[in-house]
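Structural overview
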Amino acid sequence: MAVKLVIEPLFEADFLPNSYGFRPQRTPRMALSEIASKIRVGYSYVVDVDLKTYFDTIDHERLLELVERRVGDKRVIRLIRAWLKAGVMEDGRITHPLRGSPQGGVISPLLSNIMLHEIDRLWYGKRNVTLVRYADDMVLLTRTAEEAGQVWDSLQMQFKELSLEVNLEKSKVTNAADGFAFLGFEFRKRRQKLYMWPRKKASLQLMANIRDRVRSIPSGEPLQAVIKSINPILIGWCTYFRVANSNRVFHKMDWAVRSEVQLWLRRKHNCDWSTAKKRGNYQFLHKECRLYKLTGKVTHLEGLR
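First things first, this report covers the structure right here in the doc. Every value quoted in this text rests on a predicted model; they were computed, and no experiment measured them.

1. A closer look at the sheet that holds strand β4 (residues 129-134)
- Taken in spatial order, the 4 strands of this open sheet run β4-β5-β1-β6, and their pairing is antiparallel. Each end of this open sheet is capped by a strand with a single partner; those strands are β4 and β6 (172-175). Strand after strand, the sheet turns through a mean of 20° between neighbouring axes, direction not considered.
- Sheet analysis places strand β1 (residues 45-49) next to strand β5 (residues 137-142), joined by 5 bridges and oriented antiparallel. Following the sheet pairing, tyrosine 45 is matched in β5 by threonine 142.
- Together, β4 and β5 form the strand contacts of helix α1 (residues 28-40), whose direction differs from that of β4 by roughly 160°.
- Helix-sheet contacts for helix α6 (residues 145-161) involve β1, β4, β5 and β6, and the interaxial angle to β1 is about 20°.

Pasting the structure below:
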């Protein structure tokens, strides 16, 4: 099949019937594997699409029209309409948006996929084009620059028909050699081999979370309280990003996490920086105190080097 679609987990089967011939791929890892395998066989040109504030720009009437294709119960339609029109409180003020679906809402992922499923349907059966989508994050892969340009022109028209706004500053037509980003990973092809690693933004977000968590713990608490608090964050981040060429990034993150813990030890013991580093050295933190270590946890996706 020429086009393979990657569907976000909450996407209901009713909106992706088997009669269309799609093969749903329901996890980020499956989406990343699809990109890796396609680039490996020559799909080196990329249409990188970024939707501008997607959840805030969904057209209510267009969305309900799409839902009604499968849902015949008017009570359900009225309930969804009421949910979309319900007021949103921001800074103590209630507003009633005319567009959009509240982020974090229990059915927002499903509704957003119903809308973007129209893009999936339009690209089904297209030759020499592979659409990979997870929620509102998507890329289209082609073999030539000319095909990529044609895909980009068609996509803009399709988004206009759905009343969705494309972020022209972040969307682009590129190739694997120049690199592109998808689901928090940076992709780049070098010397005929594909590499992917965590984006710098993802690393900065991790360290911001670790910093906030460590500094929220009083210095009177034991060190184990700090480690118990941050280990779940590190484990979750590692589990997601371990499938790539992440070891170099993991090494940097381990160093940054140890530095943050050493800074906490400096406050706790009211000592200078060199003493804190000796107290919280590699052996003590990782071996004795069981601080989770990212380095060494990489398991590459198939097709990566």
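2. Let's talk about the side chain of glutamine 262
- Within the element layout of this structure, glutamine 262 appears in helix α9 (residues 247-269).
- For glutamine 262, a relative accessible area of 7% puts it in the buried group.
- In contact with glutamine 262, other than residues within four places in its own chain, are Trp273, Ala276, Lys277 and Gly280.

3. Looking at the packing of helix α7 (residues 200-215) against α9
- The interhelical angle for the contact between α7 and α9, taken along N-to-C directions, is 20°, at an axis separation of 10 Å. Taken together, α7 and α9 sit at an angle that is classed as roughly parallel. For the pair α7 and α9, the sense of crossing is right-handed. Residues Ser203, Leu206, Met207, Ile210, Arg211, Val214 and Arg215 of α7 touch α9, and the partners they reach there are Val249, Met253, Ala256, Val257, Glu260, Leu263, Trp264 and Arg267.

4. Section: the side chain of glutamate 118
- Here glutamate 118 is to be found in helix α5 (residues 108-123).
- By relative accessible area, glutamate 118 is classed as buried at 11%.
- Not counting residues within four places of it along the chain, the set of residues in contact with glutamate 118 comprises Leu66, Arg69 and Leu162.

Thresholds, definitions, all that
Residues numbered from 1 in each chain as written. Predicted model: local features only at pLDDT ≥ 70, side-chain atom pairs only at ≥ 80, totals over all residues. Heavy atoms only, no water. Pairing = 2+ DSSP bridges. Helix = DSSP H or I, 4+ residues; strand = E, 2+ residues; numbered from the N terminus. Axes fitted to C-alpha atoms, helices over the stretch in contact; angles between N-to-C directions. Contact = heavy atoms within 4.5 Å. Buried < 20%, exposed > 50% of the residue type's maximum accessible area, 1.4 Å probe, protein only. Parallel < 35°, antiparallel > 145°, perpendicular 65-115°, else oblique. Left-handed = near helix turned anticlockwise from the far one by under 90°.

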